[in-house]
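The chain contents come next:
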Amino acid sequence: MKRAMRALFLVLSALALASTSAAQRAVERSELELQHVARTRVRYGHAAWPSGAPRAGLANALALSGFTAGPLASAEGLVTRELFHAGSLADAPASAVLETRVADTVADARELLIEWLAGLQSATPAPPASEVGLAIGDVAYVGRAGAGPNALAWIAFVRGNVAVRVSACDPVREPALDLGALATEVDQAIGRAPALETGRLPARPLIATLAASPTSVVAGTAVILEVSVADPAGGAPHLQWVVGGPGQGYVELGRDGVLRLHTTGSGAIALALEVTGSTGTWTRREIALDVLDD
Amino acid sequence: MTSNLAALRAAPALVILCAFSAAQSRQAQPSPVRLVLDEASRIADPKLEGGEALLAFHVMPQGAKLPVRVEVCAGDTTVRKLWSGSIAGGVTPQRLLWDGRDDEDERCPTGAYVVRVTGPGLPALELPLDLVRLGVTEIEAQDSASGADDEFQMVYFRKVAAYEHYATPAIHEYVNVARAGEVSDLDLDDGSARPVVTVHTDTATPVLDGSEYAVDTYNYPLAYVKGARPRLELTFGASATGPGSATMGAGYPVPGYEIRVACDGADAVAGEELAVPGGTARIDLFALAGDVGREERVLTVRWQARRTGTDAWSDIPGAQVIPLRFYTLLGAPRFRMDASGTQYAGPWVEVAEYVVTWKAALGLDTSDQAGLTEVFVKGFFGQNGGLPHAIEGVVYDAYPLGGDGGATHYFSFGAWRANLSRLLNGHALGRFINCTDNMGATTTMLSMLGAENMRPVRLGNMSLRALWGIGAPGYTLNLWGSGGHAFSYHHIVTDDGAVTVSDTCMQLDEDGNPLALPCTPGWNVHRPWAGPGGYNDLAANNTVSKHVETLPGLQ
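Residues numbered from 1 in each chain as written. Chains lettered and ligands numbered in written order. Predicted model: local features only at pLDDT ≥ 70, side-chain atom pairs only at ≥ 80, totals over all residues.

A.B. asks: How should I be thinking about the overall build of chain B in this particular structure?
C.D. replies: If you tally the helices and strands in chain B, you get six helices and 38 strands. Viewed in the frame of its principal axes, chain B has a C-alpha envelope of about 105 × 45 × 40 Å. The proportion of buried residues among the 555 residues of chain B is 55%. Look at the contacts in chain B between residues 6 or more apart in sequence, and 69% of them connect residues 24 or more apart. (Helix = DSSP H or I, 4+ residues; strand = E, 2+ residues; numbered from the N terminus. Buried ≥ 20, exposed ≤ 12 C-beta atoms within 10 Å, placed from the backbone. Contact = placed C-beta atoms within 7 Å.)

Take a look at the structure:
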């Protein structure tokens, strides 16, 4: 690892931190993309989609018949799980992928469905789920797979403020995978969640404490992190750490049960904690540390 | 001759005590029969590879015959009867090695010893010898002496079942020190030298100690810009294991002497070459290869000593041999402007390794961006040369291939981010990919290897001509199996503002008749966008709109 000039790092990091949020907003969407998305809305009759009641959330730990879920992955509220047949060997490949997002509003959830549909390269629209005999969500579409007469590649739908996509990992390997049954179970789980009162947004997890001590250390130091989070449903939230540079490091839960940021490279660190609550809503908080040359 | 006589060898002589041996020779001159010292180690670390202490002497004059005894003493105590026997006079030296063990075959502790050579009626040769414990316990890669920003941490993206990104989880890329409860950094508890650590060759998971990142034993690959001279900071071990598994010091500095490193294939940094226990020295390796790829080096660390105040450095016997792996890049890794997170620390090991595989299979040159792009397009697509299938075995998401209508699975439009880690993890989110998945992977992978100005190009609707999609068995004029041979949009890549474009998603038909099968494969490597034989011409029946977009982020 290089021994960087601290002063330069500090200047650069300050610039980087100052520009991060602005730059994220500034990712320019091309006119071609905007036109394509607009056409997608029209193609799928977005304006006429029925509107369901928003829900408080969707449990991360879904019990899906015949399947077990792999480790949860979460990125800015999009929760992804790989689904394995229950009882399959440890090294067996996943059969399906379940993506869900509990959005604040119905409109936000629909935007993700539009994004999924706009991502299809084929000029032929995907059929509604009803065309294959599935009554799922407020609005739902499917992708037929060429692996078999009834094989499906994916099912994407919105119920209320929850967007869901279930995809088959390899329809050729598993042409009989019942994607419809999986999607139906997820849809039913959403339906069982409490409906939100008009005007209320789903509760997000709370990061009550996020502190590092000390906040200025020499590279190589393990910094103890104090974290306390509250889950809106009283469950176990999912924690995702993002170590923003130019300083380097990683967060690890030690065998003693203590969370530590192990610093490995000098420079400012913007340490972000992204917490996804047990019902799929999420929040993020960030603290700054300064890592000096060793 | 004693049975435990140290082995003779033909290794180069290492004379540290030139002045001393000359004086001894002069003392012996008056005698008609005398011992003449040829060479003797003044400082030695027998735990190094080839590090036994050397003694060489002969008897003069020719024709004389003399019983001689050679012993190693610590103070007044003889710790090792090294050799005894009769020597015939002549200039051929008797060469002896001491492995640092006593007569009980136990390793002697570091410290001062005397090698005593005696014969009846002769003044003894008494040669001071210091046993030390030399060794590098940590290596930190740094930017080269040129001042360029040319050294980068490599990134792994998976930790057992969990899904995490992180750069090489350490300050030093090579660490080989005492584990919890062990006696010393340089040795194992039985006194033997701690074995060097082999290169970590897994391309995804880092070195783990149970469920945690290993912190005391690892040897991670290093990443430098091609042609760089890696600067390495070596840390010398300070603790060794003595008799009875007790901790002991490294036995140096030796009073009156200085020790420095002098590695094979490297120059020591002037003024930073002296070795002290627990201290550091820096070296500049000879230049790495001038192309993108992987290079295996062996760092042979040697030590030299000199009497303080003199200029003559002499080799200390032996060396420590440490394997190192280097990945070379086209330039500094490039990421999206607002990139943040450990995955942006440097090139991903798995991505760099893909180039190595593809380059070897295709026999192509990666010394410039054009060559690297060609390797990437052809390697990513696969199905040619020694590459039987596309990257990670993916297949274009078309109905006739078992998929659907070209859905995106490894790219988030909202976050404008490629989910590369999942794609490289055995296509964890599914076997089928589309053009945007390809674009996201190609732009980010090339950029992290130093390719400049890689950008996505979004294309408008396309009435397609013959194409061969990634992972497909061949060309088609009916991509979706329904007769609708068209794209609602398409994603490709460029590094020159779309004057030329590259595409890992499909091959076009170059036989002059792209509306009929069979076809002549045409790779899209820096293919001109416009004109006859250009991308638009070969790919579509219509004039296609295009827009150069922002480099995606990574996940």
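There's more to say after this.
A.B. asks: Could you clarify how one ought to interpret the overall build of chain A in this entry?
C.D. replies: In terms of helices and strands, chain A carries four helices and 15 strands. Dimensions along the principal axes, computed over C-alpha positions, put chain A at roughly 65 × 50 × 40 Å. The buried share among the 294 residues of chain A stands at 46%. Taking the intrachain contacts of chain A between residues at least 6 apart in sequence as the baseline, contacts between residues at least 24 apart amount to 62%.

A.B. asks: Where do I start with the interface of chain B and chain A in this structure?
C.D. replies: Where interface size is given, it is often the accessible area lost as the parts come together that is meant. On the chain A side, the residues contacting the 64 residues of chain B number 57 residues. Counting residues per element, the side of chain B that touches chain A draws most heavily on strand β9 (residues 136-142) of chain B, which supplies three residues. Residue composition of the side of chain B that touches chain A, by class: 28 nonpolar, 26 polar and ten charged. (Nonpolar A, V, L, I, M, F, W, Y, C, P; charged D, E, K, R; others polar.)

A.B. asks: I'm lost on the nonpolar core in this one. Help?
C.D. replies: Nonpolar side chains tend toward joint burial in soluble globular proteins. A96, I155, F157 and V166 of chain A together with L55 and L449 of chain B are the most contacted members of the largest nonpolar core, which has 228 residues in total. With eight residues, the single largest contributor to this core is helix α3 (residues 106-118) of chain A. Non-local contacts of L55 of chain B, meaning those with residues more than four positions away in its chain, are made with A40, V70, L96, V115 and L127 of chain B. (Core = buried A, V, L, I, M, F, W, Y, C linked by C-beta atoms within 7 Å.)

A.B. asks: What's the story with the sheet that holds strand β9 (residues 216-218) of chain A in this structure? I'm lost.
C.D. replies: Remark on secondary structure: sheet strands pair via backbone hydrogen bonds, oriented parallel or antiparallel. Residue and element names in this part refer to chain A. Read across the sheet, four strands follow the order β9-β15-β14-β11 without closing on themselves; strand pairing throughout is mixed. Only two strands of the sheet have a single neighbouring strand rather than two, namely β9 and β11 (238-244). Going across the sheet, the axis of each strand differs from the next one's by a mean of 30°, ignoring polarity. In the sheet, β11 pairs with strand β14 (residues 267-276) via seven bridges, with the strands oriented antiparallel. Across the sheet, residue Q240 finds its bridge partner in β14, namely E274. (Pairing = 2+ DSSP bridges. Axes fitted to C-alpha atoms, helices over the stretch in contact; angles between N-to-C directions.)

A.B. asks: Honestly, the environment of V261 of chain B in this entry has me stumped. Any pointers?
C.D. replies: Residues and elements named next belong to chain B. With respect to the helices and strands, V261 occurs in strand β21 (residues 257-261). Here V261 falls in the buried class, since 23 other C-beta atoms lie within 10 Å of it. As a C-alpha pair, V261 and L517 span 256 residues in sequence and 66 Å in three-dimensional space. Once residues within four sequence positions are removed from consideration, V261 is found in contact with L234, A268, E273, A275, A281, I283, V301 and W303.

A.B. asks: Hey, could you run me through the domain arrangement of chain B in this one?
C.D. replies: Here chain B is partitioned into domain 1 (18-131), domain 2 (136-329) and domain 3 (342-554). Distance between the C-alpha centres of domain 1 of chain B and domain 3 of chain B: 71 Å. (Domains from an automatic or database assignment.)

A.B. asks: What exactly am I supposed to notice about the environment of A540 of chain B here?
C.D. replies: Following the sequence through the fold, A540 of chain B ends up in the loop between α6 (535-539) and β37 (546-548). With 26 residues separating them in the primary sequence, A540 of chain B and P514 of chain B have C-alpha atoms 9.2 Å apart.

A.B. asks: What should I look at first to understand the confidence of the model for chain B in this one?
C.D. replies: Reading predicted coordinates in detail is not appropriate for stretches of low pLDDT. All names here are of chain B. Within chain B, residue pLDDT values average 91, and 94% of them lie at 70 or more. Scored below 50 in pLDDT, residues 1-30 shows 48 contacts in the model against residues more than four places distant or in partner chains. Among the scores for the predicted complex, ipTM is 0.91 and pTM is 0.90. (pLDDT = per-residue confidence, 0-100.)

A.B. asks: Whenever I open this one, the pairing of strand β15 (residues 282-292) of chain A confuses me. Can you help?
C.D. replies: Look at any regular strand and the pattern is simple: side chains alternate between the two faces of the sheet. Residues and elements named next belong to chain A. In this sheet, β15 lies alongside β9 in parallel orientation, the contact comprising three bridges. Paired with V217 across the strands is V291, a residue of β15. Across ten bridges, the pairing between β14 and β15 is antiparallel. Bridging from a neighbouring strand, E274 pairs with R284 of β15. Taken together, β14 and the strand that follows it, β15, pair antiparallel across an intervening segment of five residues, in which G280 is found at a positive phi of about 90°.

A.B. asks: Explain the domain arrangement of chain A here, please?
C.D. replies: Residues and elements named next belong to chain A. Entries for chain A in the domain assignment read domain 1 (6-26 + 203-292) and domain 2 (44-192). Just the C-alpha atoms count here: the centres of domain 1 and domain 2 sit 31 Å apart. Every element with two or more residues in the side of domain 1 that touches domain 2 is listed here: β11 and β14. Classifying every residue of the side of domain 1 that touches domain 2 gives three nonpolar, seven polar and one charged.

A.B. asks: Help me out: how do you make sense of the packing of helix α3 (residues 369-381) of chain B against helix α5 (residues 435-448) of chain B in this one?
C.D. replies: When two helices pack together, their arrangement is given by the angle between the helix axes and the distance between those axes. All names here are of chain B. At a closest axis distance of 11 Å, the pairing of α3 and α5 adopts a crossing angle of 140°. Of the possible angle classes, the one that applies to α3 and α5 is oblique. In terms of crossing hand, the pair formed by α3 and α5 is right-handed. Seen from α3, the contacting residues are L372, T373, F376 and F380; seen from α5, they are T442, M445 and L446. (Parallel < 35°, antiparallel > 145°, perpendicular 65-115°, else oblique. Left-handed = near helix turned anticlockwise from the far one by under 90°.)

A.B. asks: When you look at the confidence of the model for chain A in this model, what are you seeing that I'm missing?
C.D. replies: Residue-level pLDDT values for chain A average 89, and 91% of them are 70 or greater. Here helix α1 (residues 6-25) of chain A stands out as the element of chain A with the lowest mean pLDDT, 36, in contrast to strand β7 (residues 162-168) of chain A, whose mean of 98 is the highest.

A.B. asks: Before we go on, may I ask you to explain the pairing of strand β34 (residues 490-494) of chain B in this structure?
C.D. replies: Counting buried positions over the five residues of β34 of chain B gives five, a clear majority of the element. Here β34 of chain B shows a buried face lined by H490, I492 and T494 of chain B and a second buried face lined by H491 and V493 of chain B.

A.B. asks: Whenever I open this one, the sheet that holds strand β6 (residues 94-98) of chain B confuses me. Can you help?
C.D. replies: Residues and elements named next belong to chain B. The three strands are arranged β1-β3-β6 in an open sheet whose pairing can be described as antiparallel. With one partner strand each, in any of the chains shown, β1 (34-40) and β6 form the two edges of the open sheet. Strand after strand, the sheet turns through a mean of 25° between neighbouring axes, direction not considered. One ladder, built from five bridges, connects strand β3 (residues 53-60) with β6; its direction is antiparallel. Note on β6: the bridge partner recorded for L55 is L96.

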